[in-house]
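# Remarks on the overall topology
Now for the letters of each chain:
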Amino acid sequence: MAEGDDPNHEKLLELYLHDYFMKNDMRETAAIFRQEDNVPNDPAAQNVRTKKMKTSMMNQQWTGQTYFPTFTDFCSGSAFQSHAEDNQMRPPFSSFLPPQINLEQDVEMSEGQSAYFPINPTTFQWEQNLQLPATTTRHHGEGFSLVEVGCLPFKRKKETFCCHFSSDGKFLATAGPEKVVVFWHMKHRSNIGSKTGHSLPITDVRFGPNSHIVATSSYDKTVLIWEDLKTGRPPVRLEEHINQVLSLDFHPKRENLLCSSDGIDETRFWDINRGSCIHIFQGACKQVRFQPLFGRFLATCSDNVVNLIDVETSKICARFEGHENEVKSICWDPNGIYIASISEDSARLWSVFQHNCLHELHAKDNKFQCCTFHPGYWLHWVIGAEQSLELWNPLDTKKTWKVEAHMDAVSSLASSLDTEMIASTSHDELIKLWK
């Protein structure tokens, strides 16, 4: 932030979070959040700070140092150059907030009122009970459940490395060593088609935000993008990597911006409309995931380190160290506040605000493989292990609730907020659905 600019914009988001926790009787969570981020406990103090922030931000002209580039900037490459000579008014901070937050209407908070915070209304009950059920795999009433609700019917079994739900939860894409992307209709639990194009196994698959565009990465050093699941139109092929492409992800706000990483720690930003690379930097190998909602940060993992990268500058702004073994999987919570990371020996939860480890879970005899958030209870995490799913509430206990899931190691997990469904894939060649 330039000298003289008033105040840290992230603090406004912190106040929304703290207010939401307090007004919904999540006092333990609010206390932890307050301690981490130095948020005042006095509602009057919150109101004063929030009003001052609103006045400052609504009147502030953004400088090049706080500029969030448009996708046009990404296409031209100017997002990665100095904006000091640009004298135009920068977009207001409110343009980067999700539509649920309205600075003009919701920022005036008083005791007994609660400001809106982005949360899926279908998942509202997650804060009512943060306790894990003791023994049963079917827990009704208070608390939460994780019950197998289906197994997708392959005509012949295929090993699967990765899976991902579309934003609306209507479709699931799965892929793996057979070099084929398979698409499933969730309502009918049926296979609706497949796409081929890679010459070696597929390592990652992702749907675009609010669309049915699908991208895949592969050991064949390419990224393929299918714009239509129903036609035979050939994919867009991105071929500039010089090593095996291990992961990829779409930006949540700029739908034409794609990120991919390869086995030599090289990360690329792509303009998928032009089919060309627009920036190259270091910092990711195993997996890349954009921050939900805002896309301000990119979480990556390389060896036993999780990196937090500023999307605008492509610079590493935090390094999360502590894993002894290679980090195999990373996942954001839906609000983009926490990052969970998984290695075979442990799971860790990191604070994006404070750049530190909040909670740690050791794997004991069951090696961890992958993770996702529980779509109905956002403070709980689902960890894929050797033959089971481990449910972890890091705010409540260092213990987990174990659900027998597969006959072999779980290879990937995906969650859908809209349907509150979880998909798990495994080396046992089964794809299971949980809710």
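Just so it is clear, the model here is predicted, and its values are computed rather than measured.

## As for the overall build of the protein
Summing up its helical and strand segments, the protein has five helices and 28 strands in all. Counting the 435 residues in the protein, one finds 57% classified as buried. Looking at the protein alone, contacts between residues at least 24 apart form 50% of all its contacts between residues at least 6 apart. Roughly 18,900 Å² of accessible area belongs to the protein as shown, and the carbon and sulfur atoms make up 46% of that amount.

## Concerning the pairing of strand β4 (residues 180-185)
Among the six residues of β4, six are classified as buried, and the element is accordingly described as predominantly covered. What you see with β4 is no split at all: V180, V182 and W184 on one side and V181, F183 and H185 on the other are buried throughout. Two elements, strand β3 (residues 171-175) and β4, share five bridges in a ladder whose sense is antiparallel. Bridged to A173 within β4 is F183. What sits between β3 and β4 in their antiparallel hairpin is a turn of four residues, with K179 showing a positive phi close to 65°.

## A short note on empty space enclosed by the protein
According to the stated counting rule, one finds three cavities of 30 Å³ or more in the structure shown. Approximately 90 Å³ is the volume attributed to the second largest cavity. At the level of elements, α2 (27-37) and β23 (377-384) are the ones that each hand at least two residues to the lining of the second largest cavity. Here the residues of the lining of the second largest cavity sort into nine nonpolar, one polar and two charged.

## Observations concerning the state of the cysteines
Per the counting criterion, the structure on display carries zero disulfides. Looking at C162, it has no disulfide partner, and the nearest cysteine sulfur is the one in C163, 7.4 Å off. For C162, a relative accessible area of 3% puts it in the buried group. Here C259 is not cross-linked by a disulfide; its sulfur's nearest cysteine counterpart is in C277, at 9.8 Å. Here C259 falls in the buried class, since its relative accessible area comes to 0%.

## Thoughts on the confidence of the model for the protein
Scored by pLDDT, the protein comes out at a mean of 76, with 68% of its residues at no less than 70. Low pLDDT, under 50, characterises residues 42-141; the stretch is placed with 209 contacts to residues that sit more than four places away or in other chains.

## Observations regarding the sheet that holds strand β21 (residues 356-362)
On the basis of which strands lie adjacent, the open sheet formed by four strands has the order β18-β19-β20-β21 and antiparallel pairing. With partners counted over all chains shown, the strands left at the sheet margins are β18 (327-332) and β21, one partner each. Averaged over all pairs of adjacent strands, the angle between their axes in this sheet comes to 20°, without regard to strand direction.

## A look at the sheet that holds strand β9 (residues 236-238)
The antiparallel open sheet is built from four strands, whose spatial order is β6-β7-β8-β9. If you trace the sheet from one side to the other, it starts and ends with β6 (202-207) and β9, each paired once. The mean angle between the axes of side-by-side strands here comes to 20°, regardless of whether they run parallel or antiparallel. Relative to strand β8 (residues 223-226), strand β7 (residues 214-218) runs antiparallel, the two being bridged by four bridges. Considered in β8, the bridge of V214 is made with W226.

## Describing the nonpolar core
Of all hydrophobic cores here, the largest spans 18 residues; its most connected members are A347, F368, W381, I383 and W392. Counting residues per element, the ones that place at least two in this core are β19 (338-343), β20 (346-351), β22 (370-374) and β23. Here this core gets three residues from one element, more than from any other, and that element is β19. If we skip the residues at most four places from it in the chain, I383 touches I342, A347, L361, F368, C370, C371, S388, L389, E390, W392 and L413. By size, the runner-up hydrophobic cluster in this structure holds 14 residues, among which are F154, F165, L172 and W184.

## What to know about the environment of C277
Within the secondary structure, C277 sits in strand β13 (residues 276-282). Residue C277 is classed as buried on the basis of its relative accessible area of 18%. In this structure, the C-alpha to C-alpha distance between C277 and L257, residues 20 residues apart in sequence, is 9.9 Å. If we skip the residues at most four places from it in the chain, C277 touches E240, R268, F269 and W270.

## Considering the packing of aromatic side chains
By the definition in use, this model includes three aromatic pairs. With centroids separated by 4.9 Å and ring planes inclined at 10°, the aromatic side chains of F320 and W350 adopt a geometry described as stacked. Of this pair, F320 sits in strand β17 (residues 316-321) while W350 sits in strand β20, and the two are 30 residues apart along the sequence. We classify W350 as buried; its relative accessible area is 2%.

Quick notes on the rules
Residues numbered from 1 in each chain as written. Predicted model: local features only at pLDDT ≥ 70, side-chain atom pairs only at ≥ 80, totals over all residues. Heavy atoms only, no water. Helix = DSSP H or I, 4+ residues; strand = E, 2+ residues; numbered from the N terminus. Buried < 20%, exposed > 50% of the residue type's maximum accessible area, 1.4 Å probe, protein only. Contact = heavy atoms within 4.5 Å. Areas by Shrake-Rupley, 256 points an atom, 1.4 Å probe, with all protein chains shown as cover. Pairing = 2+ DSSP bridges. 1 Å grid on protein atoms, 1.4 Å probe; cavity = no way out; pocket = protein on both sides within 12 Å on 5 of 7 lines; lining within 4 Å. Points joined across faces, edges and corners; volume = space filled by probe spheres on them. Nonpolar A, V, L, I, M, F, W, Y, C, P; charged D, E, K, R; others polar. Disulfide = S-S within 2.5 Å. pLDDT = per-residue confidence, 0-100. Axes fitted to C-alpha atoms, helices over the stretch in contact; angles between N-to-C directions. Core = buried A, V, L, I, M, F, W, Y, C linked by side-chain atoms within 4.5 Å. Phe/Tyr/Trp six-rings, centres within 6.5 Å; stacked < 30°, edge-to-face > 60°.

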